[in-house]
Amino acid sequence: MVGLGVVLDFIGCKSQNESKNKTQNESKMEIIKENFGTTAEGVTVDLYTLMNNNGMIAKITNYGGIVTSLLVPDKNGNIDDVTLGFDNLQAYLDGHPYFGCIVGRYGNRIAKGKFELDGVEYKLATNNDENHLHGGEIGFDKKIWDAEPVENEKGVGLKLHYVSEDMEEGYPGNLDVTVTYMLTDENELKINYEAAINKPCPVNLTWHGYFNLTGGKENILNHEMEINADKYVVVDETLIPTGELRDLIGSEMDFTSPKTIGSRFDKVPGGYDHTYIINKSSSEIDLVARVYEPTSGRVMEVYSTEPSVQFYTGNFLDGSLTGKNEIVYKKQSGFCLETQHFPDSPNQPGFPSTILKPGEKYSQTTIYKFSTK
Ligand code: GLA
């Protein structure tokens, strides 16, 4: 109950600020807007705090659509922050490995920063050695989004909107994107993406949250991971797909039944950074992964409409960044489950298409649902 006390104090002290307060029926659901700082160009950035009726809190800034904090109860009701990030805008502006942000136009890698579409070759930034990563130099993770608090019978949320202009970061077409985060009373962080375009272009949006269900008390190697995938995308040494989709059953890649992340780490040079192909045959929402952390009892389930998930174990965290609560981010301080299409799809005719055409609607839903056992 200590955690809940902190939360109630928190409501009391912030409710004088500009806020949207659902007090009817004694609901604790709330959205609070605060100033989060100013960019070097002088643009003011906000931080929105969403709270549900169970004391779960999500803090989201309209800079990059970054979820800066996710405060989740453990099996004793104590609340910890289970996501990596910073408590101030400047730390994000100074540079970070995609903590908690929206990634676009194309999450993951495009080989050599090139693709051809309708006979035209498009050139993108090569910002990951020779390859293109996560939308380029100034991807959606660094844009300032229009933000609007929303609420419905299930929860409170934040609707973010951004228009990426024709040839921004080398991609064709004006892409109109809306990403809505909802925090529900089922303890879900639900992310809904919608987009439309006026010229064909590859679009592969994702969210790059890093999790540590101990709240940063330990690394992630004792988390028990289950991934609903029998196959993964084989990549070369630059993490570009070879085109092979390989069976993983019985190998060190196999998480079809729960295994600790660290159980076969010695067999995975550098750690996991792989695209798992979800066992599903339609674009309906389905189970992607289930993660259980025994000391806190926290469970996180991931559901998505997307065909694959990038399971990344924070292999490039090197101790040079210190986040919230003075936690130093080292290798395996956090893991990501980024729901998305396969890497380099624009250059891989055998992969499901990522081309969004005029008149079509891009839509994706992913849910991160928290419970305890
Ligand atoms: C993704 C990639 C990783 C790494 C991180 C950011 O998850 O798959 O290889 O680039 O982003 O550090």
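See the structure printed just above.
Residues numbered from 1 in each chain as written. Predicted model: local features only at pLDDT ≥ 70, side-chain atom pairs only at ≥ 80, totals over all residues. Heavy atoms only, no water.

**Regarding the overall build of the protein**
How we decide: Put simply, DSSP H or I for four residues or longer makes a helix, DSSP E for two residues or longer makes a strand, and each gets a number counted from the N terminus. Throughout, radius of gyration means the C-alpha value; the globule benchmark is 2.2 Å times the number of residues raised to the power 0.38. Three labels apply to residues, based on accessible area from a 1.4 Å probe with only protein chains included: buried if under 20% of the type maximum, exposed if over 50%, partly exposed otherwise in between. Pairs of residues are marked as contacts when any of their non-hydrogen atoms sit within 4.5 Å. Only the protein chains shown count as cover for residues, and all accessible areas are computed by the Shrake-Rupley method using a 1.4 Å probe. Only four residue types enter the charge count, namely Lys and Arg as positive and Asp and Glu as negative; His and the chain termini do not. A charged residue contributes its charge at one atom only: NZ of Lys, CZ of Arg, CG of Asp or CD of Glu.
A tally of helices and strands in the protein yields two helices and 31 strands. In summary, the protein has a C-alpha radius of gyration of 20 Å against a globular reference of 21 Å for 373 residues, a match within 12%. Overall, the protein is about 60 × 45 × 40 Å in size when its C-alpha atoms are taken along their principal axes. Relative to its full complement of 373 residues, the protein shows a buried share of 57%. Contacts spanning at least 24 positions in sequence make up 64% of the contacts within the protein whose residues lie at least 6 apart. Within the structure as shown, the protein displays about 15200 Å² of accessible surface, and the carbon and sulfur contribution to it stands at 47%. Across the protein, the 34 positively charged side chains and the 54 negatively charged ones have centroids separated by 2 Å.

**What to know about the site of the ligand**
Which entries qualify depends on this criterion: We call a residue near a molecule or strand as soon as one heavy atom of that residue lies within 4 Å of the molecule or strand. As used in this structure description, the phrase polar contact means that two N or O atoms lie within 3.5 Å; if the pair is within protein, one of them must be able to donate a hydrogen and the other to accept it, and residues adjacent in sequence are counted only when both atoms belong to side chains. In this classification, the charged set is Asp, Glu, Lys and Arg, the nonpolar set is Ala, Val, Leu, Ile, Met, Phe, Trp, Tyr, Cys and Pro, and all remaining amino acids, among them Gly, are polar.
In the vicinity of the ligand lie 13 residues, with Arg109, His134, His208, Asp273 and Glu338 positioned nearest. Taking Arg109, its side chain carries an N or O atom lying 2.7 Å from an oxygen atom of the ligand. In this structure, His208 approaches the ligand through a side-chain N or O atom, which is 2.9 Å from an oxygen atom. Protein burial of the ligand: of its 300 Å² of free accessible surface, 95% is covered by the chains. For the shell around the ligand, the class distribution of residues is seven nonpolar, three polar and three charged.

**Digging into the sheet that holds strand β24 (residues 286-293)**
Basically, it comes down to this: For two strands to count as paired, DSSP must find a minimum of two bridges between them.
What the nine strands build is an open sheet, ordered β12-β13-β14-β15-β31-β25-β24-β19-β22; its pairing is antiparallel. The open sheet has two free edges, formed respectively by β12 (146-152) and β22 (259-260), since each of these has just one partner strand. The sheet contact formed by strand β15 (residues 188-197) and strand β31 (residues 362-372) spans eight bridges and is antiparallel. Directly across from Ala195, in β31, lies its bridge partner Tyr362.

**So, the pairing of strand β10 (residues 120-123)**
Examined bridge by bridge, strand β9 (residues 114-117) and β10 share four bridges and lie antiparallel to one another. Directly across from Leu117, in β10, lies its bridge partner Val120. Connecting β9 to the antiparallel partner β10 that follows it, the hairpin turn spans two residues, and Asp118 within it adopts a positive phi of roughly 50°.

**Observations concerning the environment of Ile144**
For Ile144, the location among the structural elements is in the loop between β11 (132-133) and β12. Ile144 sits in the partly exposed class, given a relative accessible area of 30%. Sequence separation between Ile144 and Thr39 is 105 residues, and the spatial gap between their C-alpha atoms is 9.7 Å. Apart from residues no more than four positions distant in its own chain, Ile144 is found in contact with Thr39, Val43, Val45, Asn62, Tyr63 and Tyr162.

**Examining the packing of aromatic side chains**
Stated formally: Only centres within 6.5 Å qualify two rings of Phe, Tyr or Trp (six-membered ring in Trp) as a pair; their planes then separate them into stacked at under 30 degrees, edge-to-face at over 60, and tilted for everything else.
For the coordinates displayed, the defined rule picks out 24 aromatic pairs. Aromatic side chains Phe99 and Tyr210 sit 4.9 Å apart centroid to centroid with 80° between the ring planes, which places their arrangement in the edge-to-face category. Note that Phe99 is positioned in the loop between α2 (89-93) and β7 (102-103) and Tyr210 in strand β18 (residues 210-211), a separation of 111 residues in sequence. By the burial criterion, Phe99 is buried, and Tyr210 matches it. Aromatic pair Trp207 and Tyr368: ring centres 5.1 Å apart, planes at 65°, arrangement edge-to-face. With a gap of 161 residues between them, Trp207 in strand β17 (residues 206-207) and Tyr368 in strand β31 connect regions that are remote in the sequence. Taking relative accessible area as the criterion, Trp207 reaches 1% and is therefore assigned buried.

**Describing the pairing of β24**
By the criterion of burial, β24 is predominantly enclosed, with six of the eight residues buried. Across four bridges, the pairing between strand β19 (residues 224-227) and β24 is antiparallel. In the strand pairing of β24, Met225 is matched with Val291. Pairing geometry for β24 and strand β25 (residues 298-304), over seven bridges, is antiparallel. Paired with Leu287 across the two strands is Tyr303, which belongs to β25. Counting the residues that bridge the hairpin from β24 to β25 gives four residues, and of these Gly297 lies at a positive phi of roughly 75°.

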